[in-house]
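# Survey of secondary and tertiary structure
Single-letter residue listing:
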Amino acid sequence: MARWCYRHRLVVLVLWVGALFGLGAAGTSAGTDYSNVFSLPDTDSKQAYDLMTKAFPRSSGDTDTVVWRSSGDAGPVTDTAVRSRIEPALKEIAGMRGVGEVVGPYDVKNAAQISRDGRTAFAQITFTDQANEVPKDLVQKVVDTAQDAERDGLQVELGGQAITRIQEPPTGVSEVVGIAAAAVVLFLAFGSLFAMLLPIVVAITGVGSGMMATMLLSHVTNVPEVAPLLGSLIGLGVGIDYALFIVTRHRRGIQRGLEPEESAVRALNTSGRAVLFAGGTVCIALAGMLVMNLRFLDGVVIATSLTVVLSVLAAVTLLPGLLGLLGPRVLSRKQRRKLAGAGPDPAEASGPAARWSAYVQERPRSIAAMALVVMAVLALPVLSLRLGATDQGNNQESTTTRQAYDLLAEGFGPGFNGPLQVVVPGGADTTELVRTIRATDDVAQAAAAPRAGGITVIQVVPKTSPQSVGTDRLIDRLRDDVIPEAGVEAHVGGVTAVFKDFASVTGDRLPYFVGAIIGLGFLLLLIAFRSLVVPLTAALMNLIAAAASFGVLVAVFQWGWGTEFLGIGKEGPITAFLPVIMLSLLFGLSMDYQVFLVSRMHEEWVHTGDNARAVRVGLAETSRVINCAALIMICVFSAFVLSGDMEGAMAGIGLAAAVALDAFILRTALVPAAMHLLGRSNWWLPGWLEARLPHLAVEPAEPPAESPTGPDKSTGPDKSTGPDKSTGPDKNTGSRKNTEHIKTAEHIKTAEPESSGTGGATVIHGFLRTADGDPLAGASVTLVSRGGRQLDRVTSIADGSYIVSVPTPGAYILAVTARGLASRAHHVTVGGGPLVYDVELTDDGAGLVN
């Protein structure tokens, strides 16, 4: 498929552009129909909600509040000077098209809308549409009209869901900022404008099509308003990262001498496979939210999973087409000049990543201990995690909604912003119940509304704020003590009670959810890497990352460490549904990094059987791209602080912290250190389980090659030269499977013999001679795969002998170099046993004796 997309790049590009514009046109014409459905079966607040819905059908529109407070010489709000400014404004608002009703405090029956001190009052404005459908122009006109009534000593503020909409930054600001920051990181990493644009274009295509498809789906299923925000957040992150992994592999292939088309095909056949696998793990982690059985989360699963799927599809189809359009221009001019002048880069990784990898190998215990201490300290705040709901009291102090919230709390008590409704069905007498509720601790007011539809609603105003622990205790006290003692059937409802029940249900079901996604992730990694220890390590690391990231979240949003500095308002409890969403995204993203890191280690382990080398090479070759990808995700996620949505800011900061800790501490330090300490146990799998597991290859096998022809065609041992005339392994040169690399021929005498079975590891060995037949010591012998990867490198000893490890039978390239003599590489084909290969080097070339 990659080759087809590369060669038919214009067709692929036209198809994607057509799909994107088609979805955009359909989504724009259809509009959106997002809905927040908090369905909590078998909860007390749900029963109260159902009863009130039957007795008091909800108004068709959103209800918002105008609050004013007089101070100083202005007199109370009932003074003529205040009324003469407020009443005309309310009358003008009531006459606006789109406003259904305005209920002010100056009617005798609405006297309760004036505070006891006479300094604060409010009016309720009911629009004809729900908050998300009220035109922003109308909302802005209402705000301007109300605030025009202000004067010295008279403050006017507005609160409500519709009012909140005009405080939000323009749509797409956070996405644009995140993309711009990611572009800077990509340009610094690649040094090429074209290469920088590739991941951005792929991510925008995937996210754009996902958002348009989500808009259409909102008409046929319940999709919450926060779902598109979360979908774009995760889509941008994974879209840029997935393209980054593939482009990095493609560029590396060109720099190592491959043609652009062949490099793109191999990049998709290696990193592309890992992208498919990683995208699948993200979707599985997101689908784990369905275990919670909360309808509100179903729409989140749909929006985010759809965006991830389209981002993966763009990475494996659109990206190869774009690579075909660019050709060698995916490299910078400097890199192209270097490739033309100095030739291909060596296969071995070098630079800071390789040095860090070697450092981890040398000091695994100290690095693992330091990483664990850091993660443990950051995880400590999670012990005080409290789930709840955010409201307008968490907005920034400069917003009118926050000012209105504070004025109501000051004038009518902190519990006025979150009243409770005690719903009594049937014709029971509620007089005694009302009296008992009024006498209950932490109750400021309690009054029963006239019976309607066979039910009575008692409005209860707590003394504490909606987010206070005291309010949660009051709800429990009403349900467990007050109502049962009154001997009547009643249910406690209201927004505050709904979110308390939502938090309780989330907390109860969270262990099942975590168990489900860890179990599914464990199973996938078990099948992919044929190991029990690797998926166990991944699960443990994911839990550590989750604990540390939630510790950061608690410190920032619940303890208030830097909330005002970040411009995200006042501290409060963590939104009840956020842990589920964050854990899904976190486990999915963590699994991505684990797959990219361990797949390279596993590939090296399969070829060499050397755990230390596999971990070292895997970390050296992937840590730079993982860290670069993490830095991009951190930029994208952190930018969602600018979204104007508290849940979006929480998710952005939490995921940015999680990605930073996961990439820079866990995957770069703790995971490789632990794998060095575990040694060969990393790849242990019981034989009975190996036989029963299906095979799922994240990394492909080496491409098959035809047997070479000509004088270098020999596939058997030399029968005329060398000390070993046999075709089987002897006690010194026999095949060795899963043992440490032999770096010089001196190790031949200490190597443990082991029979070579068909398909297992084996060796190539022999003698190096000059044209005069003298032993050639100090020459370098390198075994390279047909894919260009260096598999082993040794130096011949005094008698000219050498031995290199061969991972599996097949075709390879054997390169011999020596100072003062010409060098050449030759194709060799290795069968099921050791291959004896003697080499003669001359002044004008290398001739293989065989």
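Given the structure is predicted, the values throughout are model-derived calculations rather than measurements.

## Focus on the packing of helix 19 (residues 533-558) against helix 21 (residues 578-608)
Helix 21 packs onto helix 19 with a crossing angle of 135° between their chain directions and a minimal axis gap of 10 Å. Taken together, the axes of helix 19 and helix 21 lie oblique to each other. Note that helix 19 runs across helix 21; the crossing there is right-handed. Packed against helix 19, whose contacting residues are V534, A538, N542, L543, A545, A546, S549, F550 and L553, the element helix 21 presents L578, P579, M582, L583, L586, F587, S590, M591, Q594 and V598 at the interface.

## What about the packing of aromatic side chains?
By the definition in use, this model includes 7 aromatic pairs. Here the aromatic rings of W68 and Y106 are separated by 6.2 Å at their centres, their planes lie at 35°, and the arrangement is tilted. With W68 in strand 1 (residues 63-70) and Y106 in the loop between strand 2 (99-103) and strand 3 (120-127), this residue pair connects regions lying 38 residues apart in the sequence. For W68, a relative accessible area of 0% puts it in the buried group. On the basis of an interplanar angle of 80° and a centroid distance of 5.4 Å, the ring pair of F122 and F412 is categorised as edge-to-face. Taken together, the residues span a long stretch of sequence, with F122 in strand 3 and F412 in helix 15 (residues 400-412) at a distance of 290 residues. As far as burial versus exposure is concerned, F122 and F412 are alike and both buried. Chaining the aromatic ring pairs together yields one cluster made of F122, F412 and F416. It is R83 that lies over the ring of Y106; its NZ or CZ is 4.4 Å from the centre.

## Focus: the nonpolar core
Ranked by internal contacts, the top residues of the largest apolar core, which has 155 residues, are M289, L297, F513, F557, Y593, I632 and F637. Top contributing element to this core by residue count: helix 23 (residues 646-678), with 18 residues. Of all hydrophobic cores here, the second largest spans 28 residues; its members include V66, V82, I86 and I163.

## Some points on empty space enclosed by the protein
Applying the stated criterion across every chain, the model contains 6 cavities of 30 Å³ or more. Looking at the largest cavity, its volume works out to about 140 Å³. Looking at the largest cavity, it is lined by 13 residues, and the ones nearest its centre are R249, S271, F596, T622 and V625. Counting residues per element, the lining of the largest cavity draws most heavily on helix 9 (residues 226-255), which supplies 4 residues. A breakdown of the residues in the lining of the largest cavity according to their chemical character gives 4 nonpolar, 4 polar and 5 charged. By volume, the second largest cavity is sized at about 50 Å³. In terms of lining, the second largest cavity is formed by T281, I284, A285, I517, L520, G521, L524, F587 and M591. Those elements giving two or more residues to the lining of the second largest cavity turn out to be helix 10 (260-287), helix 18 (495-529) and helix 21. Looking at the lining of the second largest cavity, its residues break down into 7 nonpolar, 2 polar and no charged.

## Some thoughts on the pattern of salt bridges
For the structure on display, the rule yields 18 salt bridges. Residue R667 pairs with D662 through a salt bridge whose shortest N-O separation is 2.8 Å. Each member of the pair, R667 as well as D662, is classed as buried.

## Looking at the environment of T464
Inspection of the secondary structure assignment puts T464 in the loop between strand 8 (455-462) and helix 17 (469-486). For the pair T464 and F416, spaced 48 residues apart in sequence, the C-alpha separation works out to 8.7 Å. Those residues in contact with T464 that sit more than four places away from it in its chain are P414, G415, G470 and T471. Looking at T464, its side chain comes within polar contact range of the side chain of T471, at 2.6 Å.

## Some details on a negative patch on the surface
Taken together, the side chains of E92, D144, D148 and E150 make up a negatively charged region of the molecular surface. Position of E150 relative to the elements: it lies in the loop between helix 5 (136-147) and strand 4 (154-159).

## Considerations on the sheet that holds strand 2
What holds strands together in a sheet is hydrogen bonding between their backbones, with the strands either parallel or antiparallel. The strand order across the open sheet built from 4 strands is 2-3-1-4, with neighbouring strands paired in antiparallel fashion. The two strands at the open ends of the sheet, each matched to only one other strand, are strand 2 and strand 4. Each strand axis lies, on average, 20° off the axis of its neighbour in the sheet, ignoring direction. Where strand 1 lies against strand 3, 7 bridges are found, and the strand directions are antiparallel. Following the sheet pairing, V67 is matched in strand 3 by F122. In the packing of helix 4 (residues 80-94) onto the sheet, the strands contacted are strand 1, strand 2, strand 3 and strand 4, and the crossing angle to strand 2 comes to about 155°. Here helix 5 sits on the sheet and contacts strand 1, strand 2, strand 3 and strand 4; the angle it forms with strand 4, its principal contact strand, is near 160°.

## Some words on the pairing of strand 8
In terms of residue burial, strand 8 counts as a mostly covered element, since 7 of its 8 residues are buried. Where strand 7 (residues 443-448) lies against strand 8, 5 bridges are found, and the strand directions are antiparallel. Of the residues in strand 8, the one forming a bridge with Q445 is V461. The turn linking strand 7 back onto strand 8 is made up of 6 residues, and G453 within it adopts a positive phi angle of 65°.

## Focus on unusual backbone geometry
Within the chain, D442 stands out as a residue other than glycine whose phi angle is a positive 70°. Note that D442 resides in the loop between helix 16 (431-438) and strand 7. Using a relative accessible area of 26% as the deciding quantity, one classes D442 as partly exposed. Look at R530: it is not a glycine, yet its phi comes out positive at around 50°. Structurally, R530 is set in the loop between helix 18 and helix 19.

## Observations concerning the confidence of the model for the chain
Predicted confidence across the chain gives a mean pLDDT of 80, with 87% of residues reaching 70 or more. Per-element confidence in the chain ranges from a low mean pLDDT of 43 for strand 19 (residues 845-848) to a high of 94 for helix 14 (residues 364-379). Low pLDDT (under 50) marks residues 701-758, which in the prediction has 125 contacts with non-local residues, meaning those over four places away or in another chain. Below a pLDDT of 50 lies the segment residues 845-850, which in the model reaches 25 contacts outside its immediate sequence neighbourhood of four places, other chains included.

Reading guide: rules and limits
- In this numbering scheme, every chain counts its residues from 1 along its sequence in written order.
- Residues qualify for local features only when their pLDDT is at least 70, as the model is predicted, and side-chain atom pairs are given and counted only at 80 or more; totals for whole chains, interfaces and linings, by contrast, use all residues.
- To get the side-chain values, all heavy atoms of the structure are used, and hydrogens and water are removed first.
- To obtain each axis, a line is fitted to C-alpha atoms, and for helices this fit is confined to the stretch in contact; angles are then taken between N-to-C directions over 0 to 180 degrees.
- Elements are defined by DSSP. Helices are runs of H or I of four residues or more, strands are runs of E of two residues or more, and each kind is numbered from the N terminus.
- The labels follow the angle: roughly parallel below 35 degrees, roughly antiparallel above 145, roughly perpendicular from 65 to 115, and oblique for the rest.
- Helix crossings are classified by the rotation of the near helix relative to the far one: an anticlockwise turn of less than a right angle makes the crossing left-handed, while a clockwise turn makes it right-handed.
- The contact definition used throughout considers only heavy atoms, calling two residues in contact when any of these lie within 4.5 Å.
- A pair of aromatic rings is counted whenever rings of Phe, Tyr or Trp (Trp by its six-membered ring) have centres within 6.5 Å, and the orientation is called stacked for planes under 30 degrees apart, edge-to-face for over 60 and tilted otherwise.
- For every residue, the accessible area (1.4 Å probe, protein chains only) is compared with the maximum for its type, and the residue is labelled buried under 20%, exposed over 50%, or partly exposed between those bounds.
- Here, a charge over a ring means that NZ of Lys or CZ of Arg falls within 6 Å of the ring centre while also lying within 35 degrees of the ring normal.
- What is meant by a nonpolar core is a set of buried Ala, Val, Leu, Ile, Met, Phe, Trp, Tyr and Cys residues, joined one to another through side-chain atoms within 4.5 Å.
- Using only the protein atoms, space was sampled on a 1 Å grid; points where a 1.4 Å probe fits but cannot get out form cavities, open sets with protein on both sides within 12 Å along at least five of seven lines form pockets, and lining residues are those with an atom within 4 Å of a point.
- Grid points are joined across faces, edges and corners, and a volume is the space filled by probe spheres set on the points.
- In this count, Pro and Cys sit with the nonpolar residues alongside Ala, Val, Leu, Ile, Met, Phe, Trp and Tyr, while Asp, Glu, Lys and Arg are called charged and the others, Gly among them, polar.
- The rule for a salt bridge is simple: a side-chain nitrogen of Lys or Arg has to be within 4 Å of a carboxyl oxygen of Asp or Glu.
- Polar contact is defined as a pair of N or O atoms within 3.5 Å, subject to the rule that within protein one atom must be able to donate a hydrogen and the other to accept it, and that residues adjacent in sequence are counted only when both atoms are side-chain atoms.
- Exposure above 30% relative accessible area and no salt bridge define the residues that can form patches, which grow by joining like charges within 9 Å and nonpolar side chains of Val, Leu, Ile, Met, Phe, Trp and Tyr within 5 Å.
- Residue burial considers only the protein chains on display, and all accessible areas are found by Shrake-Rupley using a 1.4 Å probe.
- Counted as positive: Lys and Arg. Counted as negative: Asp and Glu. His and the chain ends are not counted at all.
- Where a charge sits is defined by one atom per residue type, namely NZ (Lys), CZ (Arg), CG (Asp) or CD (Glu).
- At least two DSSP bridges between two strands are needed for those strands to be called paired.
- Each residue gets a pLDDT score, which is the predictor's confidence in that residue and runs from 0 to 100.

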